[in-house]
Amino acid sequence: EAKSLGRGQVQIFNDSMQKKMVGAAVLETDIQNGMRNNEFELYYQPIFEIKNNKVKGFEALVRWHHPEKGLVLPNNFITAAEDSGQILQLDLHLLKQAAKQISQWQSEYKTHFTITVNVSSRHFSSLDFVSFIKNLYQIYKLKTGSLCIEITESGLIENLALAKEIIEGLQSLGVRLYLDDFGTGYSALGYLHQLPIHVLKIDKSFIDNLQNDNNPLVDAILSLAKSLKLEVVAEGIETQEQLDILKQTSCNYGQGYLKAKPLRALDAAILIGKNI
Ligand code: C2E
Ligand code: MG
Ligand code: MG
Ligand code: MG
């Protein structure tokens, strides 16, 4: 009986768990090779002023040109990279790519713009992150505040004091912190005013549900932002109607397919050249 139970357990392990483990191990190797072979490319989605449609900067969003799978979107590998711990290395790899891009655009165009880069909240557990960003600013001669950071709401809670110290370190370089997907996480309103966050990004799900006359949640987020003196970006604006509704509010900035999808650097540069 014990034998058959044992066999049964092995069977379960073989069919599902092992497959998953092998899959994760293959992905881990692929990500490692991908970084070495420069398969990860940042795309740039414009962030624009709601009131006049002017592009103020871009959010950098990674795409993976996988040798066999073709173009792979972040939702298919960011979680795995978080689980394996590779996200730390991948984020630094992409921050460097963004810094290079900014320095190239800075020398080609005289206009001021901001690039925001998404990073894992895991970076907010060591002051090494501040040194890394400081180095990028020095090496690539980045203008104050030209490289900024996006982080999702849920991750910062654990180590508030250290997170605060890290954000203040970044702030001294002019790096502003954007709180991403706001409203979907654990909404730690209690610490929101304790951390030097500069911008809230209202999650797309709220923008999807915008109505002509009644938007209690978006109104609440906007009034919260106002009292904390934060700027606001509305994510995932897809229709003119949504934009028109936002124009009636205090929301400063927007982003979404209505204006542009994430663009390759060469296409984003055209917008910098003619618009900002
Ligand atoms: P996010 O930071 O909230 O980025 C917004 C996502 O919404 C992006 O998906 C963007 O392409 C998409 N989006 C923008 N406007 C619209 C719209 O109008 N309609 C729709 N349907 N979607 C829109 P993407 O590029 O697939 O990225 C997904 C998530 O992956 C990001 O969410 C971010 O959390 C993460 N991510 C992306 N790039 C990086 C990176 O370089 N490092 C890290 N750590 N995470 C990243
Ligand atoms: Mg983001
Ligand atoms: Mg978001
Ligand atoms: Mg997101």
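Residues numbered from 1 in each chain as written. Chains lettered and ligands numbered in written order. Predicted model: local features only at pLDDT ≥ 70, side-chain atom pairs only at ≥ 80, totals over all residues. Heavy atoms only, no water.

### Notes on the nonpolar core
Right, on to step 1. In this structure, Trp105, Phe124, Ile133 and Leu147 are the most contacted members of the largest nonpolar core, which totals 76 residues.
Right, on to step 2. Residues in contact with Ile133, not counting those within four places in the same chain, are Leu95, Leu147, Ile149, Leu170, Leu173 and Val175.
Right, on to step 3. Cys148, Tyr178, Val233 and Tyr253 belong to the second largest nonpolar core, which has six residues in total. (Core = buried A, V, L, I, M, F, W, Y, C linked by side-chain atoms within 4.5 Å. Buried < 20%, exposed > 50% of the residue type's maximum accessible area, 1.4 Å probe, protein only. Contact = heavy atoms within 4.5 Å.)

### A short note on the site of ligand 1
Right, on to step 1. Around ligand 1, the structure places 25 residues, and the nearest of them are Arg63, Asn118, Asp180, Glu238 and Tyr257.
Right, on to step 2. For ligand 1, a nitrogen atom lies 3.2 Å from a polar atom in the backbone of Val62.
Right, on to step 3. Tyr257 is positioned such that a nitrogen or oxygen atom in its backbone is 2.8 Å from an oxygen atom of ligand 1.
Right, on to step 4. For ligand 1, the protein covers 83% of the area, taking 810 Å² as the surface of the free molecule. (Near = heavy atom within 4 Å. Polar contact = N/O pair within 3.5 Å; in protein donor to acceptor, adjacent residues only side chain to side chain. Areas by Shrake-Rupley, 256 points an atom, 1.4 Å probe, with all protein chains shown as cover.)

### Details of the pairing of strand β1 (residues 40–49)
Taken residue by residue, a regular strand's side chains alternate between the two faces of the sheet.
Right, on to step 1. In terms of burial, β1 is largely enclosed, as 10 of its 10 residues are buried.
Right, on to step 2. Covered by surrounding structure in β1 are Phe40, Leu42, Tyr44, Pro46 and Phe48 together with Glu41, Tyr43, Gln45, Ile47 and Glu49, the residues of both alternating faces.
Right, on to step 3. As paired strands, β1 and strand β2 (residues 55–66) are joined by nine bridges and run antiparallel to one another. Note that in β2 the partner of Phe40 across the bridge is Trp64.
Right, on to step 4. Of the pairings in the sheet, the one linking β1 to strand β9 (residues 253–254) comprises two bridges and is antiparallel in character. Within β9, the position partnered with Phe48 by the bridge is Gly254. (Helix = DSSP H or I, 4+ residues; strand = E, 2+ residues; numbered from the N terminus. Pairing = 2+ DSSP bridges.)

### Considering the side chain of His66
Right, on to step 1. Position of His66 among the secondary structure elements: in strand β2.
Right, on to step 2. Taking the relative accessible area as the measure of exposure, His66 reaches 6% and is therefore buried.
Right, on to step 3. When near neighbours in sequence (up to four residues on either side) are disregarded, His66 contacts Asp30, Glu39 and Val72.

### Quick word on the coordination of the magnesium ion (ligand 3)
Reference values for coordination geometry: four tetrahedral donors around a metal ideally subtend 109.5 degrees, six octahedral donors ideally subtend 90 or 180 degrees.
Right, on to step 1. Summarising the metal site, the magnesium ion (ligand 3) is bound by the protein donors Asp180 (OD), Asp181 (OD), Glu235 (OE) and Glu235 (OE), whose distances to it range over 2.0 to 2.5 Å.
Right, on to step 2. In terms of primary sequence, the donors binding the magnesium ion (ligand 3) are separated according to D-D-x53-E.
Right, on to step 3. A separation of 4.2 Å is found between the magnesium ion (ligand 3) and the magnesium ion (ligand 2), which are bridged by Asp180. Taken as a pair, Asp180 in strand β6 (residues 177–182) and Glu235 in the loop between β8 (231–234) and α9 (240–247) lie far apart in primary sequence, 55 residues in all.
Right, on to step 4. Since its relative accessible area comes to 11%, Glu235 is described here as buried. (Donors = N, O, S within 2.8 Å, 3.2 Å for Na, K, Ca; no water.)

### With respect to the confidence of the model for the protein chain
Right, on to step 1. For the protein chain, the average pLDDT comes to 91, and 92% of its residues sit at 70 or higher.
Right, on to step 2. Among the scores for the predicted complex, ipTM is 0.98 and pTM is 0.93. (pLDDT = per-residue confidence, 0-100.)

### With respect to the packing of aromatic side chains
Right, on to step 1. Across all of its chains, the model carries seven aromatic pairs by this definition.
Right, on to step 2. Taking 5.6 Å as the distance between ring centres and 55 degrees as the angle between the ring planes, the aromatic pair formed by Phe40 and Phe77 counts as tilted. One end of the pair, Phe40, is in strand β1; the other, Phe77, is in the loop between β3 (70–72) and α2 (78–84), and 37 residues separate them in sequence. An identical accessibility class is assigned to Phe40 and Phe77; each is buried.
Right, on to step 3. Taken together, the ring pairs in this structure connect Tyr44, Phe58, Trp105 and Phe113 into an aromatic cluster.
Right, on to step 4. One cation-aromatic arrangement involves Arg63 over Tyr43; the distance from NZ or CZ to the ring centre is 5.5 Å.
Right, on to step 5. One residue, Lys259, lies across the ring of Phe48, its end atom 5.7 Å from the ring centre. (Phe/Tyr/Trp six-rings, centres within 6.5 Å; stacked < 30°, edge-to-face > 60°. Lys NZ or Arg CZ within 6 Å of the ring centre and 35° of its normal.)

### Quick look at the pattern of salt bridges
Right, on to step 1. Counted under the stated rule, the structure contains nine salt bridges.
Right, on to step 2. The salt bridge partner of Lys51 is Glu49, with a shortest N-O separation of 2.8 Å.
Right, on to step 3. Residue Lys51 is classed as exposed on the basis of its relative accessible area of 67%.
Right, on to step 4. Accessibility expressed as a relative area gives 13% for Glu49, which makes it buried.
Right, on to step 5. The partner of Asp208 in a salt bridge is Lys204, and the shortest N-O contact between them spans 2.9 Å. A residue pair is termed a helical-turn pair when its members lie 3 or 4 positions apart in one helix, as Asp208 and Lys204 do in helix α7 (residues 204–208) at four residues.
Right, on to step 6. Judged by relative accessible area, which is 37%, Asp208 ranks as partly exposed.
Right, on to step 7. Judged by relative accessible area, Lys204 falls into the partly exposed class, the value being 31%. (Salt bridge = Lys/Arg side-chain N within 4 Å of Asp/Glu carboxyl O.)

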